[in-house]
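Spelled out from the first residue to the last, the chains are:
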Amino acid sequence: MEKHWLFILTKEGFHVINVLPAALSECPDSLRSAVQKRLEEEGCELLSVSVTESMPYQDKRMISRQYRVILNRLNLVSVLHCRDDGALKDKVFTNELIWGDVLEIIRTAPVDSSLAMLRQAIPEETKKLLSL
């Protein structure tokens, strides 16, 4: 797979990131274990797995990776993520929202935000159904 790097200019210099789809088998053991435990729960499904590669250090040859897994169970979306380096290596973090909150965030996004662009991409029939 060809990599496309995004260069972000900050006051400290360039920060480089790349987000790629990934397989669960590529994730650190701690994240895979946490995901497998969740997938054993009734109604839990895997939505996506990705890895964000970044070059946050002065030495741009050093690549930091953060793995992210998104799960759905009933009305709850869970994002589990962990890094493969640094002080937080292999520590799994979880963020959760109910789908209603996700929709509210999209619905109330400022007009000039990237979330507003997402709202504009939603088909009209879906917008009406979800009151977006």
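Residues numbered from 1 in each chain as written. Predicted model: local features only at pLDDT ≥ 70, side-chain atom pairs only at ≥ 80, totals over all residues. Heavy atoms only, no water.

Describing the environment of Asp 84
- Relative to the assigned elements, Asp 84 resides in the loop between strand S5 (76-83) and strand S6 (93-98).
- Residue classification places Asp 84 among the partly exposed positions, given a relative accessible area of 23%.
- Distance in space between the C-alpha atoms of Asp 84 and Arg 65 is 5.7 Å, their sequence separation being 19 residues. (Helix = DSSP H or I, 4+ residues; strand = E, 2+ residues; numbered from the N terminus. Buried < 20%, exposed > 50% of the residue type's maximum accessible area, 1.4 Å probe, protein only.)

Structural notes on the nonpolar core
- By size, the foremost hydrophobic cluster in this structure holds 14 residues, and its most contacted members are Cys 27, Leu 31, Val 35, Val 69 and Leu 71.
- Elements with a contribution of two residues or more to this core: helix H1 (29-39), strand S3 (44-55), strand S4 (64-73) and S5.
- Excluding anything up to four places from it in sequence, Val 35 contacts Leu 24, Val 69, Leu 71 and Leu 80. (Core = buried A, V, L, I, M, F, W, Y, C linked by side-chain atoms within 4.5 Å. Contact = heavy atoms within 4.5 Å.)

As for the packing of helix H2 (residues 99-107) against helix H3 (residues 114-121)
- Two elements in contact, H2 and H3, have axes separated by 8 Å at closest approach and are oriented at 105 degrees. For the element pair H2 / H3, the angle class is roughly perpendicular. Mapping the contact onto sequence places Ile 105, Ile 106 and Arg 107 in H2 and Leu 115, Leu 118 and Arg 119 in H3.
- Across the contact of H2 with H3, the residue classes break down as 4 nonpolar, no polar and 2 charged. (Axes fitted to C-alpha atoms, helices over the stretch in contact; angles between N-to-C directions. Parallel < 35°, antiparallel > 145°, perpendicular 65-115°, else oblique. Nonpolar A, V, L, I, M, F, W, Y, C, P; charged D, E, K, R; others polar.)

Observations regarding a nonpolar patch on the surface
- A surface patch of nonpolar side chains, amounting to about 290 Å² of accessible area, comprises Leu 97, Ile 105, Leu 115 and Leu 118.
- Mapped onto the fold, Leu 118 is located in helix H3.
- Among the residues examined, Leu 118 registers a relative accessible area of 43% and is labelled partly exposed. (Patch = residues over 30% accessible without salt bridge, like charges linked within 9 Å, V, L, I, M, F, W, Y side chains within 5 Å. Areas by Shrake-Rupley, 256 points an atom, 1.4 Å probe, with all protein chains shown as cover. Salt bridge = Lys/Arg side-chain N within 4 Å of Asp/Glu carboxyl O.)

Notes on the confidence of the model for the protein chain
- Mean pLDDT over the protein chain: 84, with 83% of residues reaching 70 or higher.
- Predicted confidence in the protein chain is weakest over strand S1 (residues 6-10), with a mean pLDDT of 56, and strongest over H1, with 98. (pLDDT = per-residue confidence, 0-100.)

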